[in-house]
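This is what each chain is made of:
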Amino acid sequence: GAGVSQSPRYKVAKRGQDVALRCDPISGHVSLFWYQQALGQGPEFLTYFQNEAQLDKSGLPSDRFFAERPEGSVSTLKIQRTQQEDSAVYLCASGRQGRVAGELFFGEGSRLTVL
Amino acid sequence: GDSVTQMEGPVTLSEEAFLTINCTYTATGYPSLFWYVQYPGEGLQLLLKATKADDKGSNKGFEATYRKETTSFHLEKGSVQVSDSAVYFCALSDRHNNNDMRFGAGTRLTVKP
């Protein structure tokens, strides 16, 4: 597609529910990032993929968070047993390989509200 | 670790006023520096970037110069417009850290007519 697409745009979950957030990156982009953006804050790094390889998951806040990108394109961020503190906008971004400057292209985000 | 600190907002200006949003960084390597902008209801988009010391990034009348000696990348615009109202994020990407992008907390700018 023309840009990074994320779904759902809005998700309301009851505490304890599992959620899955999907990201369709720009076709051909090798790098894919997930960020968490709390209200009034900047995006916080969660995890990074290069193709299907998850090279950095140091930002995932707990073992309830899991991300995958099995075929090197679409990625899914899964949150198990959601808690209220998980409420945030989850941003996906993709980038071209080999770009020294590392420009990222962002989706509009998935806003998760945990009740 | 690498980090970015930017001027807290919100910032409110009248149209045609001069804008400065301060940004300083901490990095172990030689990062590339960015300003991203988030307009209401939209995703983040790149505004400008600089990849090495003394480089100046510019776009849409905005400018920022990569100052290694002061570890800064301040955003400036000589005459803001109402359409510049948005949240501005300073960010860095360090090649020695898997190219992941680290963002500041964002500065909300409101320009009044």
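No experiment lies behind these values; they were computed from the predicted model shown. (Residues numbered from 1 in each chain as written. Chains lettered and ligands numbered in written order. Predicted model: local features only at pLDDT ≥ 70, side-chain atom pairs only at ≥ 80, totals over all residues. Heavy atoms only, no water.)

Novice: Whenever I open this one, the overall build of chain A confuses me. Can you help?
Specialist: Looking only at helices and strands, chain A has zero helices and 11 strands in total. Listing each helix as α and each strand as β along chain A from the N terminus yields β-β-β-β-β-β-β-β-β-β-β. For 115 residues, the compact-globule formula gives about 13 Å, and the C-alpha radius of gyration of chain A, at 13 Å, lands near that figure. Summarising its shape, the C-alpha atoms of chain A cover approximately 40 × 25 × 25 Å along the three principal directions. A burial count over chain A gives 48% of its 115 residues as buried. As presented, chain A carries roughly 5,600 Å² of accessible surface, and 45% of it is formed by carbon and sulfur atoms. The positive charge centre, built from 13 side chains, and the negative charge centre, built from 12, are 5 Å apart in chain A. (Helix = DSSP H or I, 4+ residues; strand = E, 2+ residues; numbered from the N terminus. Rg over C-alpha atoms; globule rule 2.2 N^0.38 Å. Buried < 20%, exposed > 50% of the residue type's maximum accessible area, 1.4 Å probe, protein only. Areas by Shrake-Rupley, 256 points an atom, 1.4 Å probe, with all protein chains shown as cover. Lys, Arg positive; Asp, Glu negative; His and termini not counted. Charge placed at Lys NZ, Arg CZ, Asp CG, Glu CD.)

Novice: Even after reading the chapter, I still don't get the interface of chain A and chain B, so can you show me in this structure?
Specialist: Listed by partner, the interface residues are 21 residues for chain A and 20 residues for chain B. Between chain A and chain B lies a buried interface of about 1,700 Å² when both sides are counted; carbon and sulfur atoms form 54% of it. Linking chain A with chain B are zero salt bridges, by the criterion used here. The interface formed by chain A and chain B includes two residue pairs in polar contact (both at pLDDT 80 or more). Elements that contribute at least two residues to the side of chain A that touches chain B include exactly strand S4 (31–37), strand S5 (44–50) and strand S6 (53–56) of chain A. The element that contributes the greatest number of residues to the side of chain A that touches chain B is S4 of chain A, accounting for three residues. Looking at the side of chain A that touches chain B residue by residue, the classes come out as 11 nonpolar, six polar and four charged. (Contact = heavy atoms within 4.5 Å. Buried area = accessible area lost by both parts, 1.4 Å probe. Salt bridge = Lys/Arg side-chain N within 4 Å of Asp/Glu carboxyl O. Polar contact = N/O pair within 3.5 Å; in protein donor to acceptor, adjacent residues only side chain to side chain. Nonpolar A, V, L, I, M, F, W, Y, C, P; charged D, E, K, R; others polar.)

Novice: Is there a simple way to think about the pattern of salt bridges in this case?
Specialist: One side chain can pair with another of opposite charge once the charged atoms of both are near each other. Counting across every chain of the model gives seven salt bridges over all chains. Among the ionic pairs, Glu63 of chain B bridges to Lys56 of chain B, the shortest N-O distance being 3.6 Å.

Novice: For this particular structure, what's the right way to read the sheet that holds strand S9 (residues 75–77) of chain B?
Specialist: Strand pairing in a sheet is mediated by backbone hydrogen bonds. Such pairs are either parallel or antiparallel. All names here are of chain B. Spatial strand order, S3-S9-S8-S7: four strands in an open sheet with antiparallel pairing. In the strand order of this sheet, the two ends are held by strand S3 (19–21) and strand S7 (56–59), each with one partner. Geometrically, the sheet is characterised by an average inter-axis angle of 15° between neighbouring strands, direction not taken into account. Two strands pair when backbone bridges link them, and S3 and S9 are joined in this way by three bridges, in the antiparallel orientation. (Pairing = 2+ DSSP bridges. Axes fitted to C-alpha atoms, helices over the stretch in contact; angles between N-to-C directions.)

Novice: Whenever I open this one, the nonpolar core confuses me. Can you help?
Specialist: Soluble globular proteins tend to bury their nonpolar side chains together. By size, the foremost hydrophobic cluster in this structure holds 26 residues, and its most contacted members are Trp35, Leu47, Leu48, Phe73, Leu75 and Tyr88 of chain B. Where this core is concerned, the elements lending two or more residues are strand S2 (11–14), S3, strand S4 (23–26), strand S5 (32–38), strand S6 (45–50), strand S8 (62–65), strand S10 (86–93) and strand S12 (107–112) of chain B. Those residues in contact with Leu75 of chain B that sit more than four places away from it in its chain are Leu19, Thr20, Ile21, Trp35, Leu47, Leu48, Phe62, Glu63, Ala64 and Tyr88 of chain B. Formed by 20 residues, the second largest nonpolar core is a distinct cluster that contains Ala13, Cys23, Leu77 and Val114 of chain A. (Core = buried A, V, L, I, M, F, W, Y, C linked by side-chain atoms within 4.5 Å.)

Novice: How should the side chain of Asp84 of chain B be read in this particular structure?
Specialist: With respect to the element layout, Asp84 of chain B can be found in the loop between S9 and S10. Every residue in contact with Asp84 of chain B, bar those within four places of it in the chain, is listed here: Phe62, Lys77, Leu109 and Val111 of chain B.

Novice: Explain the packing of aromatic side chains here, please?
Specialist: To describe a pair of aromatic rings, you give the distance between the ring centres and the angle between the ring planes. The final tally for this structure, using the stated rule, is 13 aromatic pairs over all chains. When the centroid spacing of 5.6 Å and the interplanar angle of 80° are considered together, the rings of Phe106 of chain A and Tyr36 of chain B count as edge-to-face. Here Phe106 of chain A is found in strand S10 (residues 105–106), whereas its partner Tyr36 of chain B is found in strand S5 on a different chain. The buried category is assigned to Phe106 of chain A, whose relative accessible area is 10%. Between Phe34 of chain B and Tyr36 of chain B the ring centres are 6.1 Å apart and the planes differ by 40°, which places this aromatic pair in the tilted class. An aromatic cluster is built from Phe33, Tyr35, Phe45, Tyr48 and Phe106 of chain A together with Phe34, Tyr36, Phe89 and Phe103 of chain B, whose rings are joined through pairwise contacts. (Phe/Tyr/Trp six-rings, centres within 6.5 Å; stacked < 30°, edge-to-face > 60°.)

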